[in-house]
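Each chain is listed here by its residues.
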Amino acid sequence: FNVKVGCDIAHIKMFERFKKSFLLRMFHESEIKSAKPETIAGLFVAKESCKKVFNELQWHDITIKKMKSGKPQLFISLKKINEKLQIISSDLSISHDGDYAIATAVFLIEKG
């Protein structure tokens, strides 16, 4: 087993000026129902954290949904990931404070 970690941070103000048409290039419609800049920034850094672990992923290969508890849940299209890798478990944490949003994605991977 291998543990892989990706982390990213972004300035929230950067996301105040993006129009929905631009955001749809990176996000699924369901992800941007709340277009608050801090939410969008959090989703962006979460996806970037995943892309740092799996370089071959594109924006729409990653979906983040909020559970009833408020915890983000990660869904990845495994078609793009080497079929010899198997994600055993993953976890995602997103936080924002002041002007910044940060996310960390952790994966437990088994190589076949």
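Up top is the structure these notes are about.
For the structure given in this document, a descriptive report is provided here. (Residues numbered from 1 in each chain as written. Predicted model: local features only at pLDDT ≥ 70, side-chain atom pairs only at ≥ 80, totals over all residues. Heavy atoms only, no water.)

### A few points about the overall build of the chain
Right, on to step 1. A count of helical and extended segments in the chain gives two helices and five strands.
Right, on to step 2. Its helices and strands taken in sequence order, the chain reads β-α-α-β-β-β-β from the N to the C terminus.
Right, on to step 3. Here the chain has a C-alpha radius of gyration of 14 Å; the compact-globule value for 112 residues is 13 Å, and the two agree.
Right, on to step 4. If you line up the chain on its principal axes, its C-alpha atoms span 45 × 25 × 25 Å. (Helix = DSSP H or I, 4+ residues; strand = E, 2+ residues; numbered from the N terminus. Rg over C-alpha atoms; globule rule 2.2 N^0.38 Å.)

### Let's talk about the pairing of strand 5 (residues 100–111)
Right, on to step 1. As paired strands, strand 1 (residues 2–11) and strand 5 are joined by ten bridges and run antiparallel to one another. Bridged to Gly6 within strand 5 is Ala105.
Right, on to step 2. The turn linking strand 4 (residues 85–97) back onto strand 5 is made up of two residues, and Gly98 within it adopts a positive phi angle of 60°. (Pairing = 2+ DSSP bridges.)

### Comments concerning the packing of aromatic side chains
Right, on to step 1. All told, the structure shown has five aromatic pairs when counted by the stated rule.
Right, on to step 2. Ring geometry for Phe44 against Trp59: centres 5.2 Å apart, planes inclined by 25°, an arrangement best described as stacked. With Phe44 in helix 2 (residues 37–53) and Trp59 in the loop between helix 2 and strand 2 (62–66), this pair connects stretches of sequence that are 15 residues apart.
Right, on to step 3. Given the relative accessible area of 17%, Trp59 is considered buried.
Right, on to step 4. Counting every residue linked through ring pairs, the aromatic cluster contains Phe15, Phe18, Phe22, Phe44 and Trp59.
Right, on to step 5. Directly above the aromatic system of Trp59 lies the positively charged group of Lys51, at a separation of 4.1 Å from the ring centroid.
Right, on to step 6. Lys65 extends its terminal NZ or CZ atom over the ring of Phe75, reaching a point 5.2 Å from the ring centre. (Phe/Tyr/Trp six-rings, centres within 6.5 Å; stacked < 30°, edge-to-face > 60°. Buried < 20%, exposed > 50% of the residue type's maximum accessible area, 1.4 Å probe, protein only. Lys NZ or Arg CZ within 6 Å of the ring centre and 35° of its normal.)

### Describing the pattern of salt bridges
Right, on to step 1. Overall, the coordinates contain four salt bridges when judged by the stated rule.
Right, on to step 2. In this structure, Glu31 and Lys47 form a salt bridge, with 2.9 Å as the shortest nitrogen-oxygen distance. Placement of Glu31 in the loop between helix 1 (20–23) and helix 2 and of Lys47 in helix 2 is noted, with a sequence separation of 16 residues between them. Judged on exposure class, the residue Glu31 and its partner Lys47 are both buried. (Salt bridge = Lys/Arg side-chain N within 4 Å of Asp/Glu carboxyl O.)

### Description of a nonpolar patch on the surface
Right, on to step 1. A cluster of nonpolar side chains, namely Val3, Val5 and Val106, defines an oily patch on the protein surface of about 250 Å² accessible area.
Right, on to step 2. Locating Val3 in the fold gives a position in strand 1. (Patch = residues over 30% accessible without salt bridge, like charges linked within 9 Å, V, L, I, M, F, W, Y side chains within 5 Å. Areas by Shrake-Rupley, 256 points an atom, 1.4 Å probe, with all protein chains shown as cover.)

### What to know about the nonpolar core
Right, on to step 1. Counting residues in each nonpolar core, the largest one holds 28 residues, and the members touching the most others are Phe27, Leu74 and Phe107.
Right, on to step 2. Counting residues per element, the ones that place at least two in this core are helix 2, strand 2, strand 3 (72–76) and strand 5.
Right, on to step 3. With eight residues, helix 2 is the single largest residue contributor to this core.
Right, on to step 4. In contact with Leu74, other than residues within four places in its own chain, are Cys50, Ile62, Thr63, Ile64, Ser90, Leu92 and Phe107. (Core = buried A, V, L, I, M, F, W, Y, C linked by side-chain atoms within 4.5 Å. Contact = heavy atoms within 4.5 Å.)

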